[in-house]
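Spelled out, the chains give:
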Amino acid sequence: MMFTTCGITGCKISDFLKEVWPYILCLFAVLMLLTFCPTLITIVPDLIYGPG
């Protein structure tokens, strides 16, 4: 998606990466949180259907 966006808009990849790195870091942090804390994922189904 990065290459497509840079190709369509005509911006340099280095400029794109300078602007997008906080979002990538945030996505990585959320991924790690959901991976290592599975109760965060199962909270809503547990509330609806009861504990498994």
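The rules behind each value
- Residues numbered from 1 in each chain as written.
- Predicted model: local features only at pLDDT ≥ 70, side-chain atom pairs only at ≥ 80, totals over all residues.
- Heavy atoms only, no water.
- Helix = DSSP H or I, 4+ residues; strand = E, 2+ residues; numbered from the N terminus.
- Rg over C-alpha atoms; globule rule 2.2 N^0.38 Å.
- Buried < 20%, exposed > 50% of the residue type's maximum accessible area, 1.4 Å probe, protein only.
- Expected span 1.5 Å × (residues − 1).
- Bend = angle between axes of the 7 residues up to and from the residue.

It is worth spelling out the overall build of the protein chain at this point. For the protein chain, the count of helices and strands is three helices and zero strands. In terms of overall size, the protein chain is more extended than a compact globule, its C-alpha atoms giving a radius of gyration of 18 Å where 52 residues would be expected to give roughly 10 Å. Taking the principal axes of its C-alpha atoms as reference, the protein chain extends roughly 50 × 20 × 10 Å. Within the protein chain, buried positions represent 4% of all 52 residues.

Between the first and last C-alpha of helix α2 (residues 13-36) there are 32 Å, a value that for 24 residues agrees with the 34 Å anticipated at 1.5 Å per step. V20 marks the point of greatest bend in α2, at about 50°, and the proline P22 comes within the next four residues.

Here we take up the environment of T39. Inspection of the secondary structure assignment puts T39 in helix α3 (residues 39-49). A residue is classified by how much of its surface remains accessible, and T39, at 55% relative accessible area, is exposed. C-alpha separation for the pair T39 and M1, spaced 38 residues apart in sequence, amounts to 31 Å.

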